Amino acid sequence: MTMSAWILLLTTGVSVLGLSWGQRTEPMFASVTQSVFPPDYENNPTQLNYGVAVTDVDGDGDLEIFVSGYNGPNLVLKYDSFKKRLVNIAVDNRSSPYYALRDRQGNAIGVTACDIDGDGREEIYVLNTNNAFSGRTTYTDKLFKFRNGRFEDLLNDDINENRDVANRVAGRSVACVDRK
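Residues numbered from 1 in each chain as written. Predicted model: local features only at pLDDT ≥ 70, side-chain atom pairs only at ≥ 80, totals over all residues. Heavy atoms only, no water.

Is there a simple way to explain the pairing of strand E4 (residues 85-88) in this structure?
Successive side chains on a regular strand alternate, one facing one side of the sheet and the next facing the other. By the alternation rule, side chains of E4 split into Arg85 and Val87 and Leu86 and Asn88, which are all buried. Hairpin connection of strand E3 (residues 75-80) to E4: 4 residues between the antiparallel strands, including lysine 84 at a positive phi of 60°. (Buried < 20%, exposed > 50% of the residue type's maximum accessible area, 1.4 Å probe, protein only. Helix = DSSP H or I, 4+ residues; strand = E, 2+ residues; numbered from the N terminus. Pairing = 2+ DSSP bridges.)

Any chance you could explain the pairing of E3 here in plain terms?
In terms of strand pairing, strand E2 (residues 64-69) meets E3 through 3 bridges, oriented antiparallel. Directly across from valine 67, in E3, lies its bridge partner leucine 75. Between E2 and E3, which follow one another and run antiparallel, lie 5 residues. Where E3 meets E4, 4 bridges bridge the pair, whose relative direction is antiparallel. Bridge pairing links leucine 77 to asparagine 88 in E4.

Hey, could you run me through the nonpolar core in this one?
Inside soluble globular proteins, nonpolar side chains tend to come together where they are buried. Among the nonpolar cores identified, the biggest contains 15 residues, and Leu101 and Ile124 are the most heavily contacted of them. The set of elements that each furnish at least two residues to this core consists of strand E5 (108-114) and strand E6 (123-128). With 3 residues, E5 is the single largest residue contributor to this core. Those residues in contact with isoleucine 124 that sit more than four places away from it in its chain are Thr55, Val57, Phe66, Leu101, Val111, Thr112, Ala113, Lys142, Leu143, Phe144 and Phe151. (Core = buried A, V, L, I, M, F, W, Y, C linked by side-chain atoms within 4.5 Å. Contact = heavy atoms within 4.5 Å.)

I'm lost on the packing of aromatic side chains in this one. Help?
Aromatic ring pairs are reported here in terms of the distance separating the ring centres and the angle at which the planes meet. Throughout the structure, instances matching the rule amount to 3 aromatic pairs. Ring geometry for tyrosine 98 versus phenylalanine 151: centroids 6.2 Å apart, planes at 40°, classification tilted. Here tyrosine 98, found in the loop between E4 and E5, pairs with phenylalanine 151, found in strand E8 (residues 150-153); they are 53 residues apart in sequence, far enough to count as distant. Note on phenylalanine 146 and phenylalanine 151: the rings are 5.2 Å apart at their centroids and 70° apart in plane angle, and the pair reads as edge-to-face. What makes phenylalanine 151 buried here is its relative accessible area of 2%. Within the aromatic cluster, the residues linked to one another by ring pairs are Tyr98, Phe146 and Phe151. Positioned over the ring face of phenylalanine 146 is arginine 121, at 3.9 Å from the centre of the ring. (Phe/Tyr/Trp six-rings, centres within 6.5 Å; stacked < 30°, edge-to-face > 60°. Lys NZ or Arg CZ within 6 Å of the ring centre and 35° of its normal.)

I'm lost on the layout of surface pockets in this one. Help?
A probe matching the size of a water molecule, rolled over the atoms, marks out where space remains unfilled. As a volume, the largest pocket reaches approximately 460 Å³. Forming the boundary of the largest pocket are 22 residues, of which Tyr99, Arg102, Asp103, Arg104 and Gln105 lie nearest the centre. Looking at the lining of the largest pocket residue by residue, the class counts come to 8 nonpolar, 6 polar and 8 charged. (1 Å grid on protein atoms, 1.4 Å probe; cavity = no way out; pocket = protein on both sides within 12 Å on 5 of 7 lines; lining within 4 Å. Points joined across faces, edges and corners; volume = space filled by probe spheres on them. Nonpolar A, V, L, I, M, F, W, Y, C, P; charged D, E, K, R; others polar.)

What exactly am I supposed to notice about the environment of proline 38 here?
Tracing the sequence through the fold places proline 38 in the loop between helix H2 (33-36) and strand E1 (49-55). The spacing of proline 38 and valine 87 is 49 residues in sequence and 9.8 Å in space, taken between C-alpha atoms. Apart from residues no more than four positions distant in its own chain, proline 38 is found in contact with Thr33, Asn44 and Arg85.

Hey, could you run me through unusual backbone geometry in this one?
In this model, asparagine 148 sits at a positive phi of 55°, which is unusual for a non-glycine residue. Accessibility expressed as a relative area gives 65% for asparagine 148, which makes it exposed. Backbone geometry at aspartate 164 places phi at a positive 55°, although glycine is not the residue there. Within the secondary structure, aspartate 164 is located in the segment after helix H3 (158-163).

Listed below in structure tokens is the structure:
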């Protein structure tokens, strides 16, 4: 073998045995989806989901995953270390402090979270399309705040309803920046 052939083999990462030095015999990643997030009706229903935000929904210092449900309820997924899987804490129970976050009637296509009012806890804004891909919608977006021991929609407050502050225009994405 000539010197230039050896240099070519060395610079392309090919050994004499035909394997590159960067190849691994074991995979670098392993799929844990079925063990951490198995399909079931309450925690991982079969439905369309388009947006996701990561925030501390329950105020315990750990982050939850808020998944916007387009043709089903929104989900709030929390890792349960005892069960070693994600569980939905926005259960279908009106006494749950997270019940309103489900917003079953909406067709959520986006979600964001940030501390809008500066109280130290993030509010959650859900962008609903209500099947309107442009123009006016028949169902408003939601701005959820934790107050009175539960999440409530601020845009549904009387003062905001009477002022028509809720968005009624179809959108595709939403963002919020919290600098402080």
